[in-house]
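Structural overview
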Amino acid sequence: MTETKEIRYQGHLHELQKQLMGDYYAQLTAIATGRSDTKNAHLLIAGNPVELVRAFGMIPVFPEVNVLQLAVRKQSLPLIQKAEELGYAVDNCAYVKADVGLYLSGYQAPYGTIPKADLLLCNYVGCNVYLNWFEHLAELTGAPAVNIDIPFVRSADGEPSPGDVDYVVKQLEELIVQLENITGTSLDMPRLRRTVENSALVGEMWAEIKDLTKRRPAPYDAYFDSVTMMAVLYCLRGTDEAVTFFEAAREELSRRAAKGEGPLPEERFRVVIEGPPPWPFLRVFRDMFSRWGAVAVASTYSTVGGIWEFGFRHDPQRPIESIARHMLQYNLCNRTFLQRYDQMARYVDEWSADAVVIHSVKSCRLFSAGQGDMREYFVREREVPTLLIESDLEDPRYFSQAQLRNRIDAFFEALSQRRLTAASDAQLAAGGAR
């Protein structure tokens, strides 16, 4: 174990991200305070058709991004408790409770004011809570709600059937009519193609950036540092600003990779992390890994908004069909657990990881159910050292710092010993061979 300097979130990339996100929330605040008549739609991150919303000049609002920022600022608990006073159970999704609490508090957040939705656009991709979340928001706010039903991928190869694609395309065509009614404008197909092309460019650069962590050392942490890029990827996808940001990110991180620079003084362990981070304790959680020289080289969480690293790109020549395929097929939350196993196994093999860390989220049963079996699979079937730990992504009451630190310390102590034993065995074998 090595003591490391505190990770500092600075540099051109972080400053550019802060500027872009500040501008984004300034737009939302202008709408909420009546200084802008731009329409907005509230969407969920996993598998959404944001390109269609952008093509109509509407601004997307992401409740998940809003509430995770409250958690990072340690302001989520009073909002969670406000929702619980209404009758939400303690083990309900903490994102939902924080968002409901935020609405009941006048949508006033430290980073801006959230406008009431002109459209609640629920993209149902495997999480039944999504449906209830937006139904409750519709009841509370009186905003119109639309649900796009995305069938689970049911084939072994992960390929949706032509019928599934057509089913989603038809729903998107119905959505276009609703967006036309809300905005009073017709769909501008050239504008939609430009938006989809921007998403394709961002997807290409994001995939290239992810590929950089195959190097030793990885030039950035693919879990903790990825969240900086994920904010822009999700909130600004389809825009020129997102393209400019990812050009800068690719340049900066490629330069670090070429120089052999990593996020830590020494990269001792390369890990794959599964599950969302505990946002209220993000820095503390990161330090638990950094002190062991552990760097995440890949993470499933960085794919909740889409999977681009294995080849998918939006297609401006077939914009609506490619949006549908993104929602159906290249979306982590719409995949089976076996497909998630395969995704993580590819990370372990192709990104040369030493271990898997599973962060199970107490209030997210969709993402966490089955992670015990996942751990058994990687330990017994793949012989990959795997750690399963639990806290929550939003609710600080479920974070036990001492307990988590003990579990993580014990895991990396065992990994260190395993490495020493393997080196000793190899030395003995070499001696015997002579």
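Scroll up to find the structure this text is about.
Residues numbered from 1 in each chain as written. Predicted model: local features only at pLDDT ≥ 70, side-chain atom pairs only at ≥ 80, totals over all residues. Heavy atoms only, no water.

In terms of burial, helix H12 (residues 319–328) is a largely internal element, 8 of the 10 residues being buried. Residues of H12 that are buried: Pro 319, Ile 320, Ser 322, Ile 323, Ala 324, His 326, Met 327 and Leu 328. For H12, the secondary structure elements touched by its buried residues are helix H2 (50–55), strand S5 (119–124), strand S6 (145–149), helix H7 (162–183) and helix H8 (189–211). (Buried < 20%, exposed > 50% of the residue type's maximum accessible area, 1.4 Å probe, protein only. Helix = DSSP H or I, 4+ residues; strand = E, 2+ residues; numbered from the N terminus. Contact = heavy atoms within 4.5 Å.)

In this section: the sheet that holds S5. One open sheet accounts for 4 strands, arranged S2-S1-S5-S6; its pairing is parallel. Among the strands making up the open sheet, the edge pair consists of strand S2 (59–61) and S6. On average, each strand axis in the sheet is tilted by 25° relative to the strand beside it, whichever way the strands run. Here S5 runs beside S6; their pairing, made up of 5 bridges, is parallel. Residue pairing in the sheet places Cys 122 in a bridge with Asn 147 of S6. Against the sheet, H7 touches S5 and S6, its axis set at about 160° to S6. (Pairing = 2+ DSSP bridges. Axes fitted to C-alpha atoms, helices over the stretch in contact; angles between N-to-C directions.)

Turning our eyes to something else, we now look at the environment of Glu 252. Looking at the element boundaries, Glu 252 is found in helix H10 (residues 240–259). A residue is classified by how much of its surface remains accessible, and Glu 252, at 16% relative accessible area, is buried. The spatial distance from the C-alpha of Glu 252 to the C-alpha of His 12 is 8.3 Å, given a sequence separation of 240 residues. In contact with Glu 252, not counting residues within four places along its chain, are His 12 and Leu 13.

Quick look at the packing of aromatic side chains now. One pass over the structure, following the stated rule, counts 23 aromatic pairs. Following the ring pairs from residue to residue traces out a cluster consisting of Tyr 223, Phe 224, Phe 269, Phe 285, Phe 289, Trp 292, Phe 411 and Phe 412. In this structure, Lys 74 packs its charged tip against the face of Phe 281, placed 4.5 Å from the ring centre. Above the ring of Phe 367, the side-chain terminus of Arg 340 is found at 4.2 Å from the ring centroid. (Phe/Tyr/Trp six-rings, centres within 6.5 Å; stacked < 30°, edge-to-face > 60°. Lys NZ or Arg CZ within 6 Å of the ring centre and 35° of its normal.)

A contiguous nonpolar surface patch, about 250 Å² in accessible area, is contributed by Leu 86, Leu 104 and Leu 140. Locating Leu 86 in the fold gives a position in helix H4 (residues 77–86). Overall, Leu 86 belongs to the exposed group, its relative accessible area being 54%. (Patch = residues over 30% accessible without salt bridge, like charges linked within 9 Å, V, L, I, M, F, W, Y side chains within 5 Å. Areas by Shrake-Rupley, 256 points an atom, 1.4 Å probe, with all protein chains shown as cover. Salt bridge = Lys/Arg side-chain N within 4 Å of Asp/Glu carboxyl O.)

This part is about the sheet that holds strand S8 (residues 294–299). Taken in spatial order, the 4 strands make up an open sheet running S8-S7-S9-S10, and their pairing is parallel. This sheet does not close on itself; its edge strands, each paired only once, are S8 and strand S10 (386–391). Sheet twist, expressed as the average angle between the axes of neighbouring strands with direction ignored, equals 30°. Those strands touched by helix H13 (residues 337–350) are strand S7 (269–274), S8 and strand S9 (355–361), and its axis lies near 165° from that of S7. Across the sheet, helix H15 (residues 371–381) lies against S7, S9 and S10, angled at about 175° from S9, the strand it touches most.

As a further point, take unusual backbone geometry. With an omega dihedral of -5°, the bond running from Arg 216 to Pro 217 counts as a cis peptide bond. The topology assignment puts Pro 217 in the loop between H8 and helix H9 (226–235). In this structure, Lys 74 takes a positive phi of about 60° despite not being glycine. Note on placement: Lys 74 falls in the loop between helix H3 (63–72) and H4. Positive phi outside glycine occurs at Tyr 107, with the angle close to 55°. When you line up the elements, Tyr 107 lands in the loop between helix H5 (94–104) and strand S3 (108–109).

Turning our attention to the side chain of Arg 291. Here Arg 291 lies in the loop between helix H11 (282–290) and S8. Look at Arg 291 and you get buried, because its relative accessible area is 8%. A polar contact of 2.6 Å, which involves the side chain of Arg 291, links it to the side chain of Asp 409. (Polar contact = N/O pair within 3.5 Å; in protein donor to acceptor, adjacent residues only side chain to side chain.)

To continue, consider the pattern of salt bridges. In the structure shown here, the tally under the stated rule is 26 salt bridges. The salt bridge involving Asp 349 is made with Arg 382; its shortest N-O contact spans 2.8 Å. Here Asp 349, found in helix H13, pairs with Arg 382, found in the loop between H15 and S10; they are 33 residues apart in sequence, far enough to count as distant. Looking at Asp 349, the relative accessible area reads 48%, which means it is partly exposed. Residue Arg 382 is classed as partly exposed on the basis of its relative accessible area of 30%. Close ionic contact of Glu 376 with Arg 380 constitutes a salt bridge, the shortest N to O distance being 2.5 Å.

Residue pairs three or four apart in sequence face the same way in an α-helix, which turns once every 3.6 residues. Within H9, 10 of the 10 residues are buried, leaving the element largely enclosed by the surrounding structure. Contact partners of the buried residues in H9: helix H1 (12–32), H2, S2, H3, H8 and H10.

Attention now moves to the packing of H7 against H12. One way to put it is that H7 packs onto H12 with a least axis distance of 9 Å and a crossing angle of 115°. Judged by the sense of rotation from one axis to the other, the crossing of H7 with H12 is right-handed. Here Asp 164, Val 165, Val 168, Val 169, Leu 172 and Ile 176 of H7 come into contact with H12, specifically with Ile 320, Glu 321, Ile 323, Ala 324, Arg 325, Met 327 and Leu 328. The residue inventory of the contact of H7 with H12, partitioned by class, reads 10 nonpolar, no polar and 3 charged. (Left-handed = near helix turned anticlockwise from the far one by under 90°. Nonpolar A, V, L, I, M, F, W, Y, C, P; charged D, E, K, R; others polar.)

Read these as spatial facts, not as claims about activity.
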